[in-house]
Amino acid sequence: MSEQNQIYLTEKKNIPESVQGFAKLPSANRFDSGEFEPPTPEQIKALRQMLGMSQNDLAKLVGVTWNAKKGSTAVRKWETAVGKPEYRVIRYAEWRGLLVHAGVVAKF
């Protein structure tokens, strides 16, 4: 790993240290670029937390269901570890919407 990447990423699962660091991840590429990779559950959770958002805030932003008392099942599943039965990949449009909201990318 290069010296630059050691500064940019934490040691845990390629989590950027700042919101703008997400721009360097494959998940920030356009879907049609051929270089897009879905974000990991840890990356989704890290970006949401860096933005100071709750799971319900994220659900409202991207238009998935949420419950004031129970939270959002969709967001919870996006943040569940890969391989667990509850895990679900976040759809590209929802992820891209979060990146746009965060100022990581300019448009869809």
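The structure reproduced in this document is the subject of the present report. Going along each chain's sequence as written, the residues are numbered from 1 onward. In keeping with the model being predicted, local features are shown solely for residues with a pLDDT of at least 70 and side-chain atom pairs are shown and tallied solely at 80 or more, while totals for entire chains, interfaces and linings include all residues. As a convention, hydrogens and water are excluded, and side-chain values are obtained from all of the structure's heavy atoms.

A closer look at the pattern of salt bridges
Then step 1. Just to be clear on terms, a salt bridge is a Lys or Arg side-chain nitrogen sitting within 4 Å of an Asp or Glu carboxyl oxygen. Under the defined criterion, the tally for this structure stands at three salt bridges.
Then step 2. The residue Asp32 makes a salt bridge to Arg30 at a minimum N-O spacing of 3.2 Å.
Then step 3. Under the relative-accessibility criterion, Asp32 is labelled exposed at 60%.
Then step 4. The closest approach of N and O atoms between Glu79 and Arg48, which form a salt bridge, is 2.6 Å. One end of the pair, Glu79, is in the loop between α4 (73-78) and α5 (92-102); the other, Arg48, is in helix α2 (residues 41-50), with 31 residues separating them in the sequence. Burial status follows relative accessibility: with a 1.4 Å probe on protein chains alone, a residue under 20% of its type maximum counts as buried, one over 50% as exposed, and anything between as partly exposed. Secondary structure follows DSSP: runs of H or I at least 4 residues long count as helices, runs of E at least 2 residues long count as strands, and numbering of each begins at the N terminus.

A few points about the nonpolar core
Then step 1. By size, the foremost hydrophobic cluster in this structure holds 24 residues, and its most contacted members are Phe22, Leu47, Leu58, Trp78, Trp95 and Leu99.
Then step 2. Of all the secondary-structure elements, those providing two or more residues to this core are α2, α3 (55-62), α4 and α5. Put simply, a nonpolar core is a bunch of buried Ala, Val, Leu, Ile, Met, Phe, Trp, Tyr and Cys residues held in one set by side-chain atoms that sit within 4.5 Å of each other.

Focus on the side chain of Gln43
Then step 1. With respect to the secondary-structure elements, Gln43 resides in helix α2.
Then step 2. Counted as a polar contact is a pair of N or O atoms within 3.5 Å, where, for protein atoms, one must be capable of donating a hydrogen and the other of accepting one, and residues adjacent in sequence contribute only when both atoms are in side chains. For Gln43, the side chain forms a polar contact with the main-chain nitrogen of Thr40, separated by 3.0 Å.

Focus: the packing of aromatic side chains
Then step 1. When two rings of Phe, Tyr or Trp (its six-membered ring) have centres within 6.5 Å they constitute a pair, described as stacked for plane angles under 30 degrees, edge-to-face for angles over 60, and tilted for the intermediate range. Inspection of every chain in the model, using the stated rule, returns four aromatic pairs.
Then step 2. Ring plane angle 55 degrees and centroid distance 5.7 Å describe the contact between Phe31 and Phe36, whose orientation is recorded as tilted.
Then step 3. Relative accessible area serves as the criterion here: at 17%, Phe36 is assigned to the buried category.
Then step 4. Note on Phe31 and Tyr92: the rings are 5.3 Å apart at their centroids and 50 degrees apart in plane angle, and the pair reads as tilted. With Phe31 in the loop between α1 (3-8) and α2 and Tyr92 in helix α5, the pair connects residues that are 61 residues apart, well separated along the chain.
Then step 5. For Phe31, a relative accessible area of 55% corresponds to the exposed category.
Then step 6. Pairwise contacts between aromatic rings join Phe31, Phe36 and Tyr92 into one cluster.
Then step 7. Only when the NZ atom of a Lys or the CZ atom of an Arg is both within 6 Å of the ring centre and within 35 degrees of the ring normal do we say a charge sits over the ring. The ring of Trp66 carries the charged tip of Lys60 above its face, separated from the ring centre by 4.3 Å.

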